[in-house]
Amino acid sequence: MRESAKLARKLGVRLHTHLAETADEQKFTLEKFNMRPLEYMESLGWLGCDVWFAHGIRFNGDEIKTLARTGTGIAHCPISNMKLSSGIAKIPQMLKLKVPVGLGVDGSTSNDGSNMLEEMRVAFLLHRLNSGKNAPTAYDILKIATKGSAKVLGRSDIGKLSVGMAADLFMINLNKIELIGAELDPKALLSTVGVKCAVDYTMVNGVIVVKDGVLVNIDEEKIYHESHEVAKKFVKEY
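Rules of the game
Residues numbered from 1 in each chain as written. Predicted model: local features only at pLDDT ≥ 70, side-chain atom pairs only at ≥ 80, totals over all residues. Heavy atoms only, no water. Pairing = 2+ DSSP bridges. Helix = DSSP H or I, 4+ residues; strand = E, 2+ residues; numbered from the N terminus. Axes fitted to C-alpha atoms, helices over the stretch in contact; angles between N-to-C directions. Contact = heavy atoms within 4.5 Å. Core = buried A, V, L, I, M, F, W, Y, C linked by side-chain atoms within 4.5 Å. Buried < 20%, exposed > 50% of the residue type's maximum accessible area, 1.4 Å probe, protein only. Expected span 1.5 Å × (residues − 1). Polar contact = N/O pair within 3.5 Å; in protein donor to acceptor, adjacent residues only side chain to side chain.

**Q** Can you help me understand the sheet that holds strand β4 (residues 101–103) in this one?
**A** Each strand in a sheet pairs with another by means of backbone hydrogen bonds, the pair being arranged parallel or else antiparallel. Within the open sheet, the four strands sit side by side as β1-β2-β3-β4. Their pairing is parallel. Every interior strand has two partners, whereas the edge strands, β1 (15–19) and β4, have only one. Here the strands of the sheet are splayed against their neighbours by 25 degrees on average, with no regard to which way each runs. As paired elements, β1 and strand β2 (residues 51–55) share five bridges and run parallel to each other. Looking at the pairing, histidine 18 lines up with alanine 54 of β2. This element, helix α8 (residues 138–152), spans β2, β3 (73–76) and β4 of the sheet and lies at about 115 degrees to β4.

**Q** Help me out: how do you make sense of the nonpolar core in this one?
**A** A general tendency of soluble globular proteins is for nonpolar side chains to be buried together. Residues Trp46, Phe53, Phe59, Met94 and Met120 are the most contacted members of the largest nonpolar core, which totals 41 residues. Examining the composition of this core, we find that five residues originate from one element, α8, more than from any other. Sequence-distant contacts of tryptophan 46, that is, excluding residues within four places in its chain, are made with Met1, Ser4, Ala5, Leu15, His16, Thr17, Met41, Val51 and Phe53.

**Q** In this structure, what is going on with the sheet that holds strand β5 (residues 169–171)? I would like to understand it.
**A** If you walk across this open sheet you meet the four strands as β5-β6-β7-β8, and the pairing is antiparallel. At either margin of the open sheet sits one strand with a lone partner, and together these are β5 and β8 (214–215). Across three bridges, the pairing between β5 and strand β6 (residues 201–204) is antiparallel. Opposite phenylalanine 170, over in β6, you have threonine 202 as the bridge partner.

**Q** Is there a simple way to explain helix α7 (residues 116–131) in this structure?
**A** A turn of α-helix holds 3.6 residues, and therefore any two residues three or four places apart point the same way. Between the first and last C-alpha of α7 there are 22 Å, a value that for 16 residues agrees with the 22 Å anticipated at 1.5 Å per step. Among all positions of α7, only Leu117, Glu119, Met120, Val122, Ala123, Phe124, Leu126 and His127 are buried. Of the residues flanking the start of α7, the one acting as N-cap is asparagine 115, its side-chain oxygen 2.9 Å from the backbone nitrogen of leucine 117. Two residues or fewer after α7 comes glycine 132, characterised by a positive phi angle close to 60 degrees.

See below:
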């Protein structure tokens, strides 16, 4: 890992791993290295504005200050954390100290849905339940998912709708019964009301890849049937 950090900085690429996710991980690093997970990563050169960790559930107050001081980012994955009973990351404290925080879904095996819009609403509700009035607002969650995630990834060309930014965006038709009134607070609707269906349009680098809720570059029905057969075979064999 030390050599990986040296190589990454030589090549100008970022460093990423999962950290401080479970009690078992913390127990292991204390027993093997006599250090907590973040302290161990620091000893390997894995702190800085070019580093981001997934989860970060087990960080204490001093460690959150270290993240803020070094500009080390966190990818918050609330649905995975809930599914695995890992715990709740201290996102309100991180935001207060200006730790770079983005939003993620973790891997498919620990999320199942991998839906970023669902992740936003769950993040909002989870911290409302856990932190009350100190929880991030719905607009805070939107900023974490967009500008925050871009910062964690070291990207200055994405994360907001602005002149000169990459033409990567999605659009939702608000003329739906379930979204009546939601357009009155567009900054909050994705976290408070939420969108439960496919988005209407998605554009990547200026090219439309989803139109009227359907992927335009692949045959969705064909992919579904082929993948369904693979899934059945996998479950049967394993």
